[in-house]
Amino acid sequence: MEIELRNPNIVMKLSRLGSFHQSKLSFLRSFLREFKNWEYKRDLFELNELGYGTAVYSMRKNSRVYSLICFANELQEDERSDRVIATKWDAAFALHDGVPSKQDIERLREQVPKQEVGRLSCKELTLSRANKSVRIFDHVVENLSQGKQPDIEKLSKVGYLYRTTAVYGSGKFGLADRFRIKNRKEICGPFRLEMMLVYFVRQFTFDQVNHIAKHKNPKKAVTLDLSISRNLGIGNSTGLGMAPFIVNHPVLLNNWILARENALRDIRKIKFVATKDSDLFKTCLKKSIKNITSWNTDSEFQKKKIQSLFNDLNKFIQFIEADFDFSKEFPFNSIYLWIEKNLDEECIEYIVSMMMEPYDDIINPLINQMSAEEEKYFNIPTHRTVAELKEILEKKYSEMLKIDFSQKKNNQKFWFISKNKEEPRISDRFKESGSELEQPLAIARDVNKLYENLSRSKNSSTIDKFLLNNDDLRHIVRRIFVAEKLPYSEIQDNVIGHSLMPIDMLRLKLSFFGVLKFDPKSDKWLRINMFQGAPLPDELKNHKDQWIYNSLN
Amino acid sequence: MKSLSEIETVAKRASKATGYSWGISEEVGKNIRLLEMFGLPGIRNLNEYFDKRKEQKFENLKLIKNENKPTTLQYCPIISGTSFLDQIKSLDNLKEIQFKEIAYPLLFLPFVSRASEIIGKRLFLKLDNNEFLLSFNNNICSNFINDEIIKTANIATIRLLENNDSFSEKEWNQLYKLSEDTFVEESDSLKNTAAGAGLTDND
């Protein structure tokens with residue numbers, strides 16, 4: 001049966017991208033699969049009785065070692081802030097390439113707690129910091145020191161002991177450039193080293209509470225129950241910094257979405273589905289409802305989405321249980337056609353994620369195709385003609401070409417880099433100043449301008465000639481030729497329109513990270529949880545990939 | 001030490017801040033990264049050129065010919081380089097291209113290096129007495145080994161080198177003969193059972 005990849009004009013709409021959920025393709029799950037046979041070790045743990053000091057954790061295989069160095073520092077209550085503009089944190093971390101020497105640790109002790117104003121070396125791969133969820137952290141320490149386990153209900157409302165506020169990699173602040181390490185097989189999937197850092201940090205938080213409780217009451221204290229630990233993740237506050245990333249990395253975006261679309265197509269093409277596979281699909285589906293019912297958020301926007309997801313999912317389970325026959329040919333194709341007709345985007349994409357669960361053989365080869373070499377597409381093929389470029393625009397950007405930018409509402413916002421923290425921000429161009437320093441993210445507007453200018457040029461003229469007088473459109477011409485080759489490289493929406501929900505862009509990226517329970521705090525930032533339910537480092541070897549549905553809370 | 005990723009980002013933003021379009025600024029970011037990776041003083045030259053632009057104007061060379069001479073001002077290395085890169089396929093049939101008065105020509109060099117990759121030919125760039133052999137954007141050989149800023153190239157010449165071997169046929173044969181010592185003589189029975197053996201090719 002011939003099944004085509006889904007139409008980018010549907011998949012790449014922001015409302016659809018903002019409905020994506022974690023899947024087997026997600027980076028934190030593929031990270032755990034890749035590192036399951038690595039040797040985990042806590043190499044150093046020198047904390048004082050209050051839990052301040054230094055710790056080192058490592059993963060090792062053959063001659064390759066990655067070490068996380070943690071610095072836990074005292075922080076006054078009024079100094080604790082999750083905003084990216086904070087300058088002090090409860091703990092700071094760097095992932096080091098190899099075994100750090102004493103000199104390395106001393107050097108990093110000076111630099112890592114400073115974060116953005118510190119300097120790292122090419123021996124360091126990722127950098128991060130985190131703050132305690134003080135209420136939960138203190139509750140856990142207090143109970144453990146009294147010989148009791150903490151209140152699970154209380155824990156489930158938060159889901160973590162610490163939350164990170166940024167994780168940096170790829171050459172930031174002197175960290176190693178990607179090209180130095182890109183050929184290592186174990187980090188072939190995207191964001192592997194960022195995932196490793198967060199995973200180590202999670203273990204550090206458990207070790208730290210156990211350590212403090214023990215010192216508080218050496219005779220009575222107990223350690224945090226492993227099943228409770230397993231159901232705690234690492235929180236993360238994520239803001240607009242992530243949103244432009246997906247516009248600025250069109251090749252990477254394409255490779256992520258293409259992997260997902262290829263997976264869906266290949267699953268729809270399966271003629272007969274083994275009972276064990278359909279059973280696993282149904283089991284994951286039912287188990288995952290727990291993740292939805294325990295999804296806490298104050299955001300009305302998100303509450304509506306969760307409710308719609310919950311209703312649709314129940315409708316779907318009813319359909320599967322009552323009316324559906326898995327023994328018929330191409331059952332996943334029938335399912336897909338049914339959900340497209342009967343359910344909302346949020347649930348459609350949820351079920352697409354679930355369909356991947358039984359199929360390691362389809363998913364695993366796709367993981368290695370999710371990294372990208374943006375440089376390969378950098379040079380503009382200037383020998384091509386105006387007619388060819390126009391044709392690509394008409395074919396690949398038809399949705400964007402329909403937007404009328406003479407209307408104020410379609411041109412309402414602009415993206416800029418803030419001076420105080422060098423972070424991306426969005427603002428109203430008619431109310432705030434600074435739009436003359438706009439970042440080149442207004443793709444739909446610039447595509448329209450390009451099309452207009454191309455229409456005034458001779459069709460046979462080559463792009464090098466066109467660029468002589470259209471220098472201001474060079475960045476967009478480059479993108480169009482990327483989109484010609486890569487179908488999912490472009491968000492098919494207006495990211496400067498008045499109705500833009502930046503949260504959709506954040507959710508897209510975070511779903512590929514593999515996070516659960518998006519909790520928007522506004523339309524511009526959200527809290528999430530990573531690794532909740534994941535195996536602990538000592539359990540990695542034999543872990544089941546469906547751990548994500550085992551969460552107790 | 002600054003990472004190449006930091007160098008590229010800062011060079012791109014600085015270029016935009018001095019008035020270049022985003023597209024050109026992207027080219028500059030990529031080029032300065034390239035220069036610094038090859039150990040050439042990209043940041044120093046770019047900084048000084050941007051300083052100079054505050055007080056002095058430069059001419060934008062748009063259409064490249066085999067001989068290019070500015071009317072009154074010096075050529076801007078960035079716009080000249082972009083034009084050269086964009087037009088390289090139509091310049092491929094020329095043997096030599098000459099530019100007079102290019103300001104800060106080290107900033108022009110990465111465009112030539114990238115052009116070498118696009119047309120698949122080595123390009124020889126001579127900036128007055130400084131010589132650079134640019135091989136497919138993979139390698140730069142040069143007699144320029146210091147960290148100086150080159151303020152101007154009075155004459156910049158680009159020679160488009162034909163894809164010729166750097167060795168004679170005799171030298172090749174000598175080495176090939178030696179390589180044959182790793183081969184094993186096939187027996188008749190093996191010859192008779194090798195791929196294609198025993199079939200007619202006239203079917």
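Placed above this text is the structure.
The model shown is predicted, which means the values in this text are computed figures rather than measured ones. (Residues numbered from 1 in each chain as written. Chains lettered and ligands numbered in written order. Predicted model: local features only at pLDDT ≥ 70, side-chain atom pairs only at ≥ 80, totals over all residues. Heavy atoms only, no water.)

A. Structural context of the sheet that holds strand β2 (residues 96-103) of chain B. Residue and element names in this part refer to chain B. The mixed open sheet is built from six strands, whose spatial order is β1-β2-β6-β3-β4-β5. Each edge of the open sheet carries a strand with a single partner, namely β1 (67-68) and β5 (139-142). Both strand β4 (residues 130-135) and β5 contribute to a ladder of four bridges, which runs antiparallel. Residue pairing across strands places Phe 132 opposite Ser 142, the latter belonging to β5. (Pairing = 2+ DSSP bridges. Helix = DSSP H or I, 4+ residues; strand = E, 2+ residues; numbered from the N terminus.)

B. Spotlight on the pattern of salt bridges. Taken as a whole and assessed by the stated rule, the structure comprises 57 salt bridges over all chains. The closest approach of N and O atoms between A:Asp545 and A:Lys24, which form a salt bridge, is 2.7 Å. Placement of the pair is A:Asp545 in the segment after β11 (526-530) and A:Lys24 in the loop between α2 (14-17) and α3 (27-34), with a sequence separation of 521 residues. Note on accessibility: A:Asp545 and A:Lys24 belong to one class, buried. Across the salt bridge formed by B:Lys121 and B:Glu162, the nearest N and O atoms sit 3.7 Å from each other. Of this pair, B:Lys121 sits in the loop between α5 (109-119) and β3 (123-127) while B:Glu162 sits in the loop between β6 (152-160) and α6 (169-179), and the two are 41 residues apart along the sequence. Connected through shared salt-bridge partners, A:Arg6, A:Arg16, A:Arg260, A:Glu261, A:Glu340, A:Glu345 and A:Glu349 make up one network. (Salt bridge = Lys/Arg side-chain N within 4 Å of Asp/Glu carboxyl O. Buried < 20%, exposed > 50% of the residue type's maximum accessible area, 1.4 Å probe, protein only.)

C. View of the interface of chain B and chain A. With 27 residues of chain B in contact, the opposing surface of chain A contributes 29 residues. Where chain B abuts chain A, roughly 2300 Å² becomes buried across the two surfaces, and 47% of that area is made up of carbon and sulfur atoms. Area buried by chain B at its contact with chain A is led by B:Trp22, B:Lys30 and B:Asp86, which between them contribute 24% of it. Here chain B and chain A share six salt bridges between them. Note that A:Glu375 is salt-bridged to B:Lys30, the shortest N-O span being 3.3 Å. When residues of the side of chain B that touches chain A are traced back to their parent elements, those giving at least two are α1 (4-17), α2 (22-37), α4 (77-91) and α5 of chain B. Partitioning the side of chain B that touches chain A into residue classes produces seven nonpolar, eight polar and twelve charged. (Contact = heavy atoms within 4.5 Å. Buried area = accessible area lost by both parts, 1.4 Å probe. Nonpolar A, V, L, I, M, F, W, Y, C, P; charged D, E, K, R; others polar.)

D. Here's a closer look at the packing of aromatic side chains. Enumeration according to the criterion identifies 42 aromatic pairs over all chains in this entry. For the pair A:Tyr199 and A:Phe531, a centre-to-centre distance of 5.2 Å together with 55 degrees between the ring planes defines the contact as tilted. With A:Tyr199 in helix α7 (residues 192-216) and A:Phe531 in the segment after β11, this pair connects stretches of sequence that are 332 residues apart. Since its relative accessible area comes to 2%, A:Tyr199 is described here as buried. Centroid distance B:Phe99 to B:Phe108: 5.1 Å. Interplanar angle 65 degrees. Geometry classified as edge-to-face. B:Phe108 shares its class with B:Phe99; the two are buried. One aromatic cluster is present, formed by A:Phe281, A:Phe316, A:Phe319, A:Phe324, A:Phe326, A:Phe332, A:Trp338 and A:Tyr359 through successive ring pairs. A cation over a ring is seen here: A:Lys408 above A:Phe430, with NZ or CZ 4.8 Å from the ring centre. A cation over a ring is seen here: A:Lys509 above A:Phe245, with NZ or CZ 3.9 Å from the ring centre. (Phe/Tyr/Trp six-rings, centres within 6.5 Å; stacked < 30°, edge-to-face > 60°. Lys NZ or Arg CZ within 6 Å of the ring centre and 35° of its normal.)

E. Structural detail: the nonpolar core. If you look at the biggest cluster of nonpolar residues, it comprises 161 residues, and the most contacted ones within it are A:Phe204, A:Phe281, A:Phe316, A:Ile335 and A:Ile351. Looking at this core element by element, the count peaks at 13 residues for α7(A). When sequence neighbours within four positions are dropped, the list of residues in contact with A:Phe316 reads A:Phe281, A:Leu285, A:Ile335, A:Trp338, A:Ile339, A:Leu343 and A:Ile351. Among the nonpolar cores identified, the runner-up in size contains 48 residues, and B:Ile64, B:Tyr75, B:Phe108 and B:Leu123 belong to it. (Core = buried A, V, L, I, M, F, W, Y, C linked by side-chain atoms within 4.5 Å.)

F. Focus on helix α11 (residues 275-293) of chain A. Residue and element names in this part refer to chain A. With 19 residues, α11 should cover 27 Å at 1.5 Å per step; its first-to-last C-alpha distance of 28 Å lies within 8% of that length. All of the buried residues in α11 are Asp 277, Ser 278, Phe 281, Cys 284, Leu 285, Ser 288, Ile 289, Asn 291 and Ile 292. Tucked inside the fold, the buried residues of α11 contact α12 (300-322), α13 (331-342), α14 (345-355) and β10 (516-520). (Expected span 1.5 Å × (residues − 1).)

G. View of the environment of A:Lys465. Among the structural elements, A:Lys465 can be located in helix α19 (residues 463-468). Engagement of the side chain of A:Lys465 in a polar contact is seen with the side chain of A:Asp464, the distance being 3.4 Å. (Polar contact = N/O pair within 3.5 Å; in protein donor to acceptor, adjacent residues only side chain to side chain.)

H. Structural detail: the pairing of strand β9 (residues 424-428) of chain A. Residue and element names in this part refer to chain A. Taken across its five residues, β9 has four buried, putting it largely inside the fold. Here five bridges tie strand β8 (residues 413-417) to β9, and the two strands are oriented antiparallel to one another. Residue Ile 417 lies in a different strand from β9, and its bridge partner there is Pro 424. The hairpin turn running from β8 into β9, its antiparallel successor, is six residues long, and Glu 422 in that turn takes a positive phi close to 55 degrees.

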